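Architecture and fold: a report
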Amino acid sequence: MKVMKFGGTSVGSVNSILSLKKIVEAEARTQSVIVVVSALNGITDQLIATSKMAKNGDKQYREEYDAMVQRHHQMIDTVVTDDKKRADLLNQIDKLFDQLKSIYFGVYLIHDLSEKTQDTIISYGERLSSHIVAAVIENGVRMNARDFIRTEKKHGKHVLDTELTARLVRETFGKVCCDSVATNKTVAVVPGFISRDRDSHETTNLGRGGSDYTAAIIAAALDADVLEIWTDVDGFMTADPKVIQSAYTINELSYVEAMELCNFGAKVIYPPTIYPVCIKNIPIKVKNTFNPEHPGTLIKDKIDNDLKPIKGISSIKGTTLITVTGLSMVGVIGVNRRIFTTLANQGISVFMVSQASSENSTSIGVRDEDAKAAAEVLNAEFAKEIETGAMFPMQVESGLATIAIVGENMKQTPGIAGKLFGTLGRSGISVIACAQGASETNISFVVDGRFLRKSLNVLHDSFFLSEYKVLNLFICGIGTVGGMLLEQIRTQQQVLMQKKRLKLNVVGISDVSNYVLDRDGIDLDNYEQRLRAGEPANTEKMRDDIVKMNIFNSVFVDCTASRQIATLYQTFLEHNISVVAANKIAASSDYDSYIKLRQTARDRGVWFRYETNVGAGLPIIGTINDLCNSGDKILKIEAILSGTLNFIFNEIAANVPFSETVRRAKEQRYSEPDPRIDLSGTDVIRKLVILTREAGYKVEQDDVEKHLFVPDSYFEGSIDDFWKRLPELDADFEARRKVLEAENKRWRFVATMEADEQNPSSFKTSVALKEVPQGHPFYGLEGSNNIVLLTTERYKEYPMLIQGYGAGAAVTAAGVFANIMSIANI
C-alpha cells in the first residue's frame, strides 16, 4: 500500500489534474492507494487575502470570492465529462462556497477575524479540491480528514495528538487498505492540511505545508510501503536551480539529510513530514506530476555506496543576526536559557546559534520579520545588566543570508570545513557567523545577503555538486585578437563540456562602442547583434556593472591595447575577479603598480595572467617563472621580441627598400596602424621590462638604453608626413645592407638584459639594432617569429632557447585562451 500526496501545482490546472488521474489510476490497479491533496495552487493565499479584505470592510472581497468560485467551476466543467457526475459535483462545491460566502459576509459585517474563523476559512481550499479529485479519479471516494486527524492546544498552538490520530486513522482506513484491491478497488481521497481539535471539535489545521504532514501521518499509522510526494519538481536538487543552472536532482537522501535541507530552505517537503515515516523506516519518494517518468528522489534510512561528502546546499534569505554580548556572560550559568526562553515565549523561532568559546557572546539567526521583536524582548530581558554596563544592548545586523551544506559523509571526510571557508575566502566572501553540530551533517554559516548567489554558485562548483565547472568570462575588445578568441571559445565550448566537464560562460563582451552583460551567458553565434543593442561604451560604468554582478569564478579578459582599460585591473582583482591580459600596459607600467597588481591577486586568491604580453602564444613568461620558482637565477636575456621588426629586416632586399618593407608590414597587419609605434621600439621596451621583472629585477621603462635606427624627427608630425619622408632613409639602409650582405650578416633588433655576475643585483637593459653573423641563433629567424635565449646559473654553457610565432591574431588568441584554461584547471 502507498500514500500519494499531490501538491497545489499538481491540482492547480486542467493538465495537472488529468496527469494526477492517470498516475493514480495506474497505481490503483495493483495496490491499495490513499491520495492526499492540497488546495488548488494559490487558493490558500487567496482565501487568507480575501478574509483580510472582508475584515477591513473592503467590498472588493466579493470579487475575489467570485473569482475563486469561477475558477473551481471552470475546472469542473473541463475535467468532469459525465453530465450527472458533473452536476452532483457542482452541487457539492456550491454548498461549500455558500458556507464560505456566509462566513466572509459575517467577517465583513463585524470587522473581526478570529483565529477560529480564519482556520475555518482556509480549510475550504482542501475541502473543495478533494471533492474535485475524488470525482475525477475512477472509484475515488472522498474522506473527511477532520474525522481522524486530531490536534490539541499546547502553548497557544494546535499540535498533533499523535496517539489519538494514529488510532483513528487505523480504524478509518484499515478495511480500505486491506480490501480495496481484492474488492471494489476504491481510492481514498483525503484533504490535506485540515484537522479538528480533540476537545472543542473546532476545525484546525497542521500549518502551511501541512498536506505533506497529513500524508506522512497516514502512511506511518498504516505502515505503508512508501510515501510519495508529487510536486512540480523532479525531486530534491543539489541547490536552488533558479540560482544555479547546473543544479541537478539528487537520486537518494537519508532522512537526516532531507530534514536538514528542508529546515534550511529547500521547499520540496514540509519539514515535519519526515519524522512520522522516519521512525517507521518508511521511504519517501519525491516525484514530478508533470514528468512522472523521472525517477525522482528517494529518501530512506541508509544510502548504499554513498561516496559524496556533500549532498546539497540550501539557504535562507532575509536573515538577521542578533548578538548578545557582555563580559558578565563569561562563566554565568543560565544566560542562554534566558535568551531562548524569552524568544520562545514570544513565538520567535531561532534557526541558527553561534557562540564564542569565551562565552562572552552568543549570536542567533532569526528571520528579518522577527528581528525587531526579538531585539526588543531581549533588551527588556537583560535591561538591568545593560543598565549597569555588564552587558551591551543587542547588536542587530540585517540583510544577511544563511547557507547550509548538508551531507552525512562529511563526518568521514576531513577538511570539508577548511575547503568551505577557503573557497569562500578566495571568492571575496566573508563569513559573519558559523555553526556545526557534532554530528557533522550540516555546516551552517551567515554571509552578506548580496553575496548569496555568488556563495551558492562557488560552493556548488567547488564541491563537485555541479555536473561541470563554470568559468564566467568578460571579454573586452573584439578586434583581431579578441574576435579570434571569441571564435576559438565558440568552437571549443561543446568539446570542453564533453571532455573536461568545463563550461566557459561568456557573460560580458565589449568593444569601443558598446558593452553587453548577461550573467546567464551570451550566445556566441550572434553576439554582434547583442553587442550593437548593448550599453554605450563607458569604462567606469562598465567596471561598476561588472563588479555589481558579483559573479563567481569570473575572469576579465583584456584584448585591447587601452591604457584606460588597464586601469580597471586593480578594482577587478580587489573584487576577486581574475584578469587575463593581452594588453602589455599594466605589466610594463611603473614598478610599484605592477607589484601591487600581483600582490593583490595573491592576497585575494585570484589570478593575474599575461603570458601573451611577450611572444604571443610562446611559453616565455611561464618558463621564466618556473625557472625562478625552482631556485634558478636568470643571468642574461637576449631576445627578438618584435615580429613586426623581424619581418621588416627579413623583407629588406636590393629590390625591396626599407620604406617598402614598412608599408608591407602595415598592409599585412604585422605592424600597428601607425608603424612608428613599432619603429620607436616602445613595444620591445615594454616586453623587455616585463621579462626583466619576471626574472626578479626591478626595472622601469626609462631604465632601458635605446639605440634606435630611425631618427627622432620621423616620430614627429602626422602619419601622412611620416609616409612622405620615410623613403629618404632608403639609400642609407641600402648602402649598409650591401655591406652586411658581403659580410654574411643580418640586422636584428635585439632586446638584452644582462646581470653583473660579480654583483647580481646590478644589471643593464637595452634595445638596439644589431648586426648578427651567420651561425648565430638569431641569424636564420624567419618571418615574424620571436626568439628568446635565457642564460641562467643552470643553463650557463648552453642557454635555453624558445622560438616560434611571436605575432598574429590566431596564436595570440590561443595564448590568451591557454591562460584562461590555466585558471579553469586550478
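Just above, that's the structure.
In this report, we go over the structure that sits alongside the text. Throughout, a residue's number is its position along its own chain's written sequence, starting from 1. Predicted model: local features are reported for residues with pLDDT of at least 70 only, side-chain atom pairs are reported and counted for 80 or more only, and whole-chain, interface and lining totals are derived from all residues. Hydrogens and water are ignored here; the side-chain numbers use all heavy atoms of the structure.

Patches draw on residues past 30% relative accessible area with no salt bridge. Two like charges within 9 Å are joined, as are two nonpolar side chains (Val, Leu, Ile, Met, Phe, Trp, Tyr) within 5 Å. Per-residue accessibility takes into account occlusion by the displayed protein chains alone, with areas from the Shrake-Rupley method and a 1.4 Å probe. We define a salt bridge as a side-chain nitrogen of Lys or Arg found within 4 Å of a carboxyl oxygen belonging to Asp or Glu. Taken together, Phe105, Leu109 and Ile110 make up a surface patch of nonpolar side chains, about 320 Å² in accessible area. Assignment of secondary structure puts phenylalanine 105 in helix 4 (residues 83–110). Given a relative accessible area of 40%, phenylalanine 105 falls into the partly exposed group. For the purposes of this entry, the term helix denotes a DSSP run of H or I that reaches at least four residues, the term strand denotes a run of E that reaches at least two, and both are numbered from the N terminus. Only protein chains enter the calculation, and the probe is 1.4 Å; a residue is then buried if its accessible area is under 20% of its type maximum, exposed if over 50%, and partly exposed in between.

With antiparallel pairing, 6 strands are arranged side by side in an open sheet as 14-15-13-16-18-17. Edge positions in the sheet fall to strand 14 (352–355) and strand 17 (433–436), since each of these pairs with one other strand and no more. Along the sheet, successive strands turn relative to each other by an average axial angle of 30°, direction set aside. The pairing of strand 17 with strand 18 (residues 442–448) spans 4 bridges and is classified as antiparallel. Directly across from glutamine 436, in strand 18, lies its bridge partner isoleucine 443. In this analysis, strands are considered paired if DSSP registers two or more bridges between them. Where helices are involved, their axes are fitted lines through C-alpha atoms of the stretch in contact, as for all axes, and angles between N-to-C directions lie from 0 to 180°.

The buried count for strand 11 (residues 284–288) comes to 4 of 5 residues, which makes it a mostly enclosed element. Relative to strand 11, strand 9 (residues 226–231) runs parallel, the two sharing 5 bridges. Bridged to threonine 231 within strand 11 is asparagine 288. Inspection of the sheet shows strand 11 paired to strand 12 (residues 297–300) by 3 bridges, in the antiparallel sense. Paired with valine 286 across the strands is threonine 297, a residue of strand 12.

To continue, consider the pattern of salt bridges. As enumerated under the stated definition, the model contains 39 salt bridges in all. Across the pair aspartate 88 and lysine 84 runs a salt bridge, and its minimum N-O distance is 3.1 Å. One end of the pair is aspartate 88 and the other is lysine 84, both in helix 4 and 4 residues apart, which spans about a single turn. Judged by relative accessible area, which is 39%, aspartate 88 ranks as partly exposed. Through salt bridges with shared partners, one network takes in Glu152, Lys154, Asp161, Arg198 and Asp199.

Below, the discussion takes up helix 14 (residues 452–462). With 10 of 11 residues buried, helix 14 is to be regarded as a mostly interior element. Every buried residue of helix 14 is accounted for by Leu452, Lys454, Ser455, Leu456, Asn457, Val458, Leu459, His460, Asp461 and Ser462. Should any heavy atoms of two residues lie within 4.5 Å, those residues are considered in contact. Along its buried surface, helix 14 packs onto strand 13 (312–325), strand 16 (395–406), helix 13 (416–426), strand 18 and strand 19 (469–476).

Moving on, we get to the environment of aspartate 461. Mapped onto the elements, aspartate 461 comes out in helix 14. In this structure aspartate 461 comes out as buried when scored by relative accessible area, which is 9%. Distance from aspartate 461 to histidine 158, taken between C-alpha atoms, is 42 Å for residues 303 residues apart in sequence.

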